Amino acid sequence: MEIEKIILGLQGEVNCRLYFTRKLSNGFYISYSPIIDDGVSEKLIELVVQYLEKQKALPVSDFSPIGCYDDTLEACKTEEIQNYQDVIESLQEDKVERECIESKFINKLNFYCLSVNCTIEGREKNIKFFRRITRFKKLSSKGMFGQIKNNRFSRIEAEMLGIDGDVDTIIVGEEVIILNHVALERIFSMSDQYIEKSEEAIQKIGAAQRIENFAQFEEDCKNDRRITRILTKLLNEEDKLEHCFENFENVKKAIDIFELDIRIGHLNEKETVVYERKDQLMNMVRLVRDSYYRSIIGERPGVDDSI
C-alpha cells in the first residue's frame, strides 16, 4: 500500500477509534478505548496527514532485523511480527477495556493505535497507525503541569499523555509500513522474537560441528542483542547457514588474510575454529555469514556488514 493512497483515503470520509495499550509483565497486552472529544479525531487525522506528506517520497526496502538506512522506510507482512496477533486481540470488542483508565496506569501505557476506516480506490479499508506514547513521567513526578487561563496559572492535576500525530508503523490488512524501525521493535516486543529465531540459526550452525566450545558460543550469541538480530536475518539467508564452514580451507584463508584472532583446532577428526572469548563473537558470525571478501578488480580485502 502506497502512502500517497493512504493520504488520499484520510482526506475523505473517515471513522476513527483510538486505543491506548500497555504491555503487562506476563507478556500480554491490555488496551483501553476512551471516548474521543469532538474535534480531536479530526485534528489527529490532520496531524497524521501532515506527517505522512513528509514521508511519502522516501524509498521502501524489505524489513531487516539488523536495521535500515537513513531516510528509508521498510515493509513486511504481519506474519513476520510474532506478537502482532496478541496486540490486535487486545483491540477486539470483547477484550478492550472501556472503563476509565486509572491514573496509576497512565505512565505505564506503551503506545497508542489510531484505527481508521476509510475508502481507498473505491474499497473500504481499515488502517491502523501505531505510535509510541510521548512520556511526561519525569516532569509529572518531579514538577508539575499547568495552564494559563484568564491570566491565571493553575496546576493540571491529571496525568498527561502526549499525542503528536507522528506515525511509527502503518498496518493495512497484512501489509506493514515501518516508518520507525526501533519503535516497531518496541511496540511489538520483537527482542523476544529475535532470541527465538536466533536459536534456530544457532542450531543450524551447530550442525556443521565446526566450532569448538560451541555451548559458550551459543550462550554468548543469545546474550548479545546485535548478534541475535544478525542471526535472525541469517534465517532468511538459509543457504549460508546450510553451507557454513563447508569450504574450510577458505575459512582458514579468511582468518589469515584478515588476521583474525581465532585459532584452528581439531574435533572429531575435523578442523574447527576455536571459540574462546566474547570479543571473537562478531568475527565468528561474520565467518558463518560469509562476510569477508576480496574485491575483483583491486583485490582489496573487505567486510560486508550490509543491512
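Described below are features of the structure shown in this document. (Residues numbered from 1 in each chain as written. Predicted model: local features only at pLDDT ≥ 70, side-chain atom pairs only at ≥ 80, totals over all residues. Heavy atoms only, no water.)

Focus: unusual backbone geometry
Positive phi, close to 50°, is recorded for glutamate 121, a residue that is not glycine. The phi dihedral of asparagine 213 falls on the positive side, at around 60°, and the residue is not glycine. Mapped onto the elements of the fold, asparagine 213 is located in the loop between β11 (211-212) and α8 (214-222). A relative accessible area of 44% means that asparagine 213 is categorised as partly exposed. (Helix = DSSP H or I, 4+ residues; strand = E, 2+ residues; numbered from the N terminus. Buried < 20%, exposed > 50% of the residue type's maximum accessible area, 1.4 Å probe, protein only.)

So, the nonpolar core
Within the largest apolar cluster, 33 residues are counted, with the highest numbers of intra-cluster contacts made by Ile6, Leu10, Leu52, Leu114, Phe129 and Ile170. For this core, the secondary structure elements donating two or more residues are α1 (3-10), β1 (15-23), β2 (29-32), α2 (40-55), α4 (103-106), β5 (111-120), β6 (123-132) and β9 (169-172). Per element, the largest residue contribution to this core is six residues, and it comes from α2. When neighbours within four sequence positions are excluded, leucine 52 is seen to be in contact with Ile3, Ile6, Ile7, Leu10, Phe129, Val167, Ile170 and Leu179. Counting 31 residues, the second-largest nonpolar core is a separate cluster that includes Phe245, Val273, Met282 and Met284. (Core = buried A, V, L, I, M, F, W, Y, C linked by side-chain atoms within 4.5 Å. Contact = heavy atoms within 4.5 Å.)

Regarding the pairing of β5
Across the ten residues that make up β5, a large majority, eight, are buried. Pairing of β1 with β5, which is carried by seven bridges, proceeds in the antiparallel orientation. Bridge assignment links phenylalanine 20 to a residue of β5, and that residue is tyrosine 112. Linkage of β5 to β6, two consecutive antiparallel strands, is achieved through a turn of two residues, within which glutamate 121 is found at a positive phi near 50°. (Pairing = 2+ DSSP bridges.)

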